[in-house]
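# Survey of secondary and tertiary structure
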Amino acid sequence: MTAAIEIEHITKTFGRVTALAGLDLTVEPGHVHGFLGPNGAGKSTTIRVLLGLLRADSGRTSVLGHDPWADAVALHRRLAYVPGDVELWPNLTGGEAIDLFARLRGGAHPARRDELCERFDLDPTKKGRTYSKGNRQKVALIAALASDVELLLLDEPTAGLDPLMEAVFQDCIREAKAAGRTVLLSSHILAQVEVLSDRISIIRQGRIVESGSLTELRHLTRTSVEAVTDRPAGTLGGHAGVHNLRTENGVLRFEVDGEQLAPVVRLLGELGVRGLTAHPPTLEQLLLRHYGDHAEEEVA
Amino acid sequence: MATATTTTSRAAHAVQRDSATRGTGVLLRFMLRRDRIRFPAWTLGLTLLMTYFATALETLIKTPEDLRGLSAFSASPVGALFGGPGFGFDDLTLERFLAGQYGLYIVLGAGLMGLLTVVRHTRVEESSGRAELVRANVVGRHAQLTAALALSALMAVAVAVLVGGMMAGRGFDPGGSLLFGAAIGAAALAFAGIAAVTTQLSEYPRATSGMAGAVLGAAFVLRGLGDMAAVQGAGPAWLSWLSPLGWSQQTAPYVHDRWWPLVITLAFAGAAAAAGYALSARRDLGAGLVPPRPGPPRAAPWLRDPLALAFRLQRASLIGWTVALLVGGVAFGAFTQPMLDGFEDAPADLVAVMGGSADMLSGFLGLMGLTMALVVAIFAVLAVHALRAEETEGRAEPVLATAVGRPAWIGAYLTVAAAGVPWLLLTAGVGMGVGAAVSTGDAGLIDDLVLGHLAHTPAVWSVLALGALLYGAAPRVLPATWAVVAYGTVVGFFAPILELPDGAIRVSPFEHVGEYPLVPVDVTAVLVLTVLAALVAYAAVVTFRRRDLTTPS
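Residues numbered from 1 in each chain as written. Chains lettered and ligands numbered in written order. Predicted model: local features only at pLDDT ≥ 70, side-chain atom pairs only at ≥ 80, totals over all residues. Heavy atoms only, no water.

The name an unreviewed UniProt entry gives chain B is ABC transporter permease, with Actinophytocola gossypii as the organism.

The name an unreviewed UniProt entry gives chain A is ABC transporter ATP-binding protein, with Actinophytocola gossypii as the organism. Here is the UniProt Subcellular location (unreviewed entry) comment for chain A, exactly as written: "Cell membrane". (UniProt positions renumbered as here; feature names shortened; annotations may be inferred.)

For chain B, the count of helices and strands is 24 helices and zero strands. Taking 24 Å as the expected radius of gyration for a compact globule of 553 residues, we find that chain B reaches 27 Å, a close match to that expectation. Looking at chain B as a whole, 50% of its 553 residues are labelled buried. A fraction of 76% describes how many contacts in chain B between residues 6 or more apart in sequence connect residues 24 or more apart. With the model as given, the accessible surface of chain B reaches about 23900 Å², and the carbon-plus-sulfur share is 68%. Side chains of chain B give 35 positive and 35 negative charges; the mean places of these two sets differ by 19 Å. (Helix = DSSP H or I, 4+ residues; strand = E, 2+ residues; numbered from the N terminus. Rg over C-alpha atoms; globule rule 2.2 N^0.38 Å. Buried < 20%, exposed > 50% of the residue type's maximum accessible area, 1.4 Å probe, protein only. Contact = heavy atoms within 4.5 Å. Areas by Shrake-Rupley, 256 points an atom, 1.4 Å probe, with all protein chains shown as cover. Lys, Arg positive; Asp, Glu negative; His and termini not counted. Charge placed at Lys NZ, Arg CZ, Asp CG, Glu CD.)

We now examine the interface of chain A and chain B. Contacts between the two partners involve 37 residues from chain A and, on the opposite side, 38 residues from chain B. Roughly 3400 Å² is buried in total at the junction of chain A and chain B, and carbon and sulfur atoms are behind 55% of that figure. When residues of chain A are sorted by the area they lose upon contact with chain B, A:W89, A:R103 and A:L104 head the list and together hold 21% of the total. Run the count over chain A and chain B and you get 20 residue pairs in polar contact (both at pLDDT 80 or more). Of all the secondary structure elements, the ones that give two or more residues to the side of chain A that touches chain B are β1 (5–14), α2 (72–76), β5 (79–82), α3 (94–105) and α4 (110–119) of chain A. Tallied by class, the residues present in the side of chain A that touches chain B amount to 17 nonpolar, seven polar and 13 charged. (Buried area = accessible area lost by both parts, 1.4 Å probe. Polar contact = N/O pair within 3.5 Å; in protein donor to acceptor, adjacent residues only side chain to side chain. Nonpolar A, V, L, I, M, F, W, Y, C, P; charged D, E, K, R; others polar.)

What follows is about the packing of helix α21 (residues 457–473) of chain B against helix α24 (residues 523–546) of chain B. All names here are of chain B. One way to put it is that α21 packs onto α24 with a least axis distance of 8 Å and a crossing angle of 15°. With respect to α24, the element α21 is oriented roughly parallel. Between α21 and α24 lies a crossing of left-handed hand. Residues P458, A459, W461, S462, A465, L466, A468, L469, Y471, G472 and A473 of α21 pack against V526, L529, T530, A533, V536, A537, A539, A540, T543 and F544 of α24. Each residue belonging to the contact of α21 with α24 can be placed in one class, and the counts come to 17 nonpolar, four polar and no charged. (Axes fitted to C-alpha atoms, helices over the stretch in contact; angles between N-to-C directions. Parallel < 35°, antiparallel > 145°, perpendicular 65-115°, else oblique. Left-handed = near helix turned anticlockwise from the far one by under 90°.)

All names here are of chain A. In total, this model carries 32 salt bridges over all chains according to the counting rule given. In this structure, E8 and R60 form a salt bridge, with 3.3 Å as the shortest nitrogen-oxygen distance. Here R60 lies in strand β4 (residues 58–63) and E8 lies in strand β1, a separation of 52 residues in the sequence. Overall, the relative accessible area of 41% leaves R60 in the partly exposed class. Each member of the salt-bridge network shares a partner with another, and the members are E226, R246, E248, R253 and E255. (Salt bridge = Lys/Arg side-chain N within 4 Å of Asp/Glu carboxyl O.)

Below, the discussion takes up the sheet that holds strand β3 (residues 32–36) of chain A. All names here are of chain A. One open sheet holds the six strands; their spatial order is β5-β6-β7-β3-β8-β9, and the pairing between them is mixed. Here the strands that pair on one side only, and so sit at the sheet edges, are β5 and β9 (207–213). For this sheet, the mean angle separating the axes of adjacent strands, direction not counted, is 15°. Across six bridges, the pairing between strand β8 (residues 199–204) and β9 is antiparallel. Bridge pairing in β9 links S201 to S211. (Pairing = 2+ DSSP bridges.)

Each strand in a sheet pairs with another by means of backbone hydrogen bonds, the pair being arranged parallel or else antiparallel. Residues and elements named next belong to chain A. Here three strands make up an open sheet; going across it, the order is β2-β1-β4 and the pairing antiparallel. Strands at the two margins of the open sheet, each flanked by one partner only, are β2 (17–27) and β4. Each neighbouring strand pair of the sheet contributes to a mean axis angle of 25°, computed without reference to strand direction. Relative to β2, β1 runs antiparallel, the two sharing eight bridges. Paired with I5 across the two strands is V27, which belongs to β2. Lying over the sheet, helix α1 (residues 43–50) contacts β1, β2 and β4, oriented at roughly 115° with respect to β1.

Our next topic: the nonpolar core. If you look at the biggest cluster of nonpolar residues, it comprises 126 residues, and the most contacted ones within it are A:F120, A:L152, A:L153, A:L184, B:W409, B:V460 and B:F510. With 16 residues, the single largest contributor to this core is helix α17 (residues 360–392) of chain B. If sequence neighbours within four positions are ignored, A:L184 has contacts with A:I5, A:L25, A:V27, A:H33, A:F35, A:I47, A:L50, A:L152, A:L153 and A:L154. Membership of the second largest hydrophobic core comes to 62 residues, among which are B:M31, B:A54, B:A143 and B:Y254. (Core = buried A, V, L, I, M, F, W, Y, C linked by side-chain atoms within 4.5 Å.)

For helix α20 (residues 445–454) of chain B, every residue scored as buried is listed here: B:L445, B:L449, B:V450, B:G452 and B:H453. Down the axis of α20(B), the buried side of the element spans an arc of 165°, and every buried residue falls inside it. (Arc of directions from axis to C-beta.)

A negative phi angle is the norm for most residues apart from glycine, just as the trans form is the norm for most peptide bonds. Following B:Y516, the chain continues into B:P517 via a peptide bond in cis, with omega recorded as 5°. Among the secondary structure elements, B:P517 is positioned in the loop between α23 (502–506) and α24. At A:L64, a position not held by glycine, the phi torsion is positive, near 50°. Relative to the helices and strands, A:L64 is located in the loop between β4 and α2. Judged by relative accessible area, which is 14%, A:L64 ranks as buried. Its identity is not glycine, yet B:D257 carries a phi of approximately 50°, on the positive side. The residue B:D257 is located in the loop between α12 (244–249) and α13 (261–280) in this model.

For the rest of this paragraph, the subject is the environment of B:D227. All names here are of chain B. By the secondary structure assignment, D227 is in helix α11 (residues 205–232). With a relative accessible area of 1%, D227 lands in the buried category. Spatially, the C-alpha atom of D227 lies 41 Å from that of G286, the residues being 59 residues apart in sequence. For D227, the side chain forms a polar contact with the side chain of S240, separated by 2.7 Å.

A separate point is the packing of aromatic side chains. What describes a pair of aromatic rings is the distance from one ring centre to the other and the angle between the planes of the rings. All names here are of chain B. The full count for this structure, using the stated rule, is twelve aromatic pairs over all chains. With 6.2 Å between their ring centres and 70° between their planes, F172 and Y254 make a pair best called edge-to-face. Of the two residues, F172 is situated in the loop between α9 (143–169) and α10 (174–201) and Y254 in the loop between α12 and α13; the sequence distance between them amounts to 82 residues. Of the two residues, F172 and Y254, both sit in the buried class. (Phe/Tyr/Trp six-rings, centres within 6.5 Å; stacked < 30°, edge-to-face > 60°.)

Now for α4(A). All names here are of chain A. Three or more residues of α4 are buried, namely R113, L116 and C117. With its buried residues spanning 105° around the axis, α4 presents them on a single face. Opposite the buried face of α4, at more than 90 degrees from it, the exposed residues are A111 and E118. Looking one or two residues past α4, D121 carries a phi angle of roughly 55°, positive in sign.

Let's shift gears to the side chain of A:R181. Residue and element names in this part refer to chain A. As for its placement among the helices and strands, R181 is situated in the loop between α6 (163–178) and β7 (182–187). Only 3.3 Å separates the side chain of R181 from the backbone oxygen of V149, close enough to count as a polar contact. In this view, R181 contacts G30, H31, L145, S147, D148, V149, E150 and A176; residues no more than four positions away in its chain are not counted.

So this is what it looks like as structure tokens:
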């Protein structure tokens, strides 16, 4: 089976600014692929290359088996895009914009459109200039989700939505996945990616620094441990894979590398452990680790 | 017990009265800080415009005969429509002519200044949400409107002093000069008051300034009709007294020097402001008294391809231009006969611009065709700028992410703009033709003017295509297209005076088809320009296809 998206080592510079520095990304068909990174990491640039709106300086890009720069129009019939910052025409209503986008894409589902308007609680009779950022985002989301496409490219699609709408959005993405669609979901809302994604790629300064399923990524990372022991835990400090050991109010806290987890737990048993919590790293910690390392490099 | 209640309510009342305008002083200083460029730009700008009128006329008019020649059409009904009631034109002096003919435009500008200033500091602030931040502080309900009106009043006083001082400084009668300045400032107050009312009505800034602008337009027309009646000595001359602009003009500076019409203006401004305060108390912050109209929940069936979208986006602009060119055409055309009368003894330089004295009528009509072609060229350049705004403001991206290719997107937009060019030239030509036909009594002029206008189509197309090419190839230098229009204007109007060489004249795209009916239409030039414009437009599409899309990051 060919990949829905295949990017091989693309680069893109704007003047002296390097936006993409040899980025590789593969998205399998039918997957929800989380695309995670801070602002300015190159997420939007990557998506615009996938849309054929920007041309990469070098490297190879394939979307649904086609070159997006050369076959943009044919490809766009098969995909829908939601930009991170949706701008609408001030004197067109939201309903007009939704219909227009759907028709320009080549297919509209009136019933599905109305259902989505209801679910997202959007008033389609208001003019574009009166919508808040969240409502403009809903217009683009409804237009994208109402169309019959194979691939959804979503660039921070819920930045302006409230938690209730966020839940509606998550339902919609699950439905899209159930319908066999592929979704590339760029975000810095980590909880969202964590909940929805089959695989996650983390982008930093125009490069993918980490890619894999959530389980695979957890394997690479440290587990946070809090423990209360009978005996002082001085011996833990020198143990391989243990980081940031400290005692706060009698509670022992540290992080431990995944591969060292088993010996450390054994050691804790020997120390007479009375209380223990361990949890996998959140995506915040994943990111912090990569960018934290980066910050240290810069300082050094 | 009863006493206690009364005391409490009185105390509450006192607090309320005290707080309604609390913070006005701070807000006024803040507005002055925000408008540190705008304030002098308006006040000095209007003064400079009047200075320009005065200087230009002083240069143009050297003898009393020159003055009489100019007054010939100023004292006509058409002159009255675009000037004023012509006080003292039977014994004309330079300052009377300046105040009577050009003063109207300074008064008009002052009215615009007043209304825009009030809308900017009230409704715009509310719709952007900034007013909410301000009002959450210790700021009274009426403080923003009060401060905005105070700012307008300061601007009005500044304009009055500057214009009055400038006119007095040129040696005109000091009393009349001061009155002239005051009449200008008073108009600013009147329209600040009107804006204080309209800004309560709609929640959209454009609608509120639009309504106040419509009142300004109506005031212009009312006094125009009244003044026409006045110079003819028959008809409803009293109409001028219904217009705030009319009150300013009825002061008749340098002639009757009457101050009392300005009392009407001040009373009107005060009453309008009071109405504004009363209305503002009946609405919520951010809301308008007239609820917003909902639009269609679905797109019309025809709105389904890039061409339809391009038309929908340019529709409002096309309607606006059509109306403006039709009205402007009629107005200019109506000048034809007075112009011919007035120019019989005009300075030689002016006659040369019109193509020499041999065929004054054809020269004037031909020049009007060129003038309107240059105006429509402004439409063309603005259309390309609007196209670029679609891209830079992020509205092109979601469209291009659908099954719409780049050539279709830019092609559709340029097609609509290109179709708008002959349409607008036709509109202007018909308007001008009707005006000229009524003015001279010769209906045959309509055909001449329509052909003369339409003939310029390929010239305007070439400007449009050039703008499109710059947009496609190097969008940042798009504003350079204005240079072509500016150059065309300079060559079109001043080539004879500047004694430009032939080669320099022919660089302008407007100098090839000929100014019909003065010279016959050059069919070869029409074809060549059309083909050139098409080729350049094609190059624009190709270059746009090849570059990266500009996106807001």
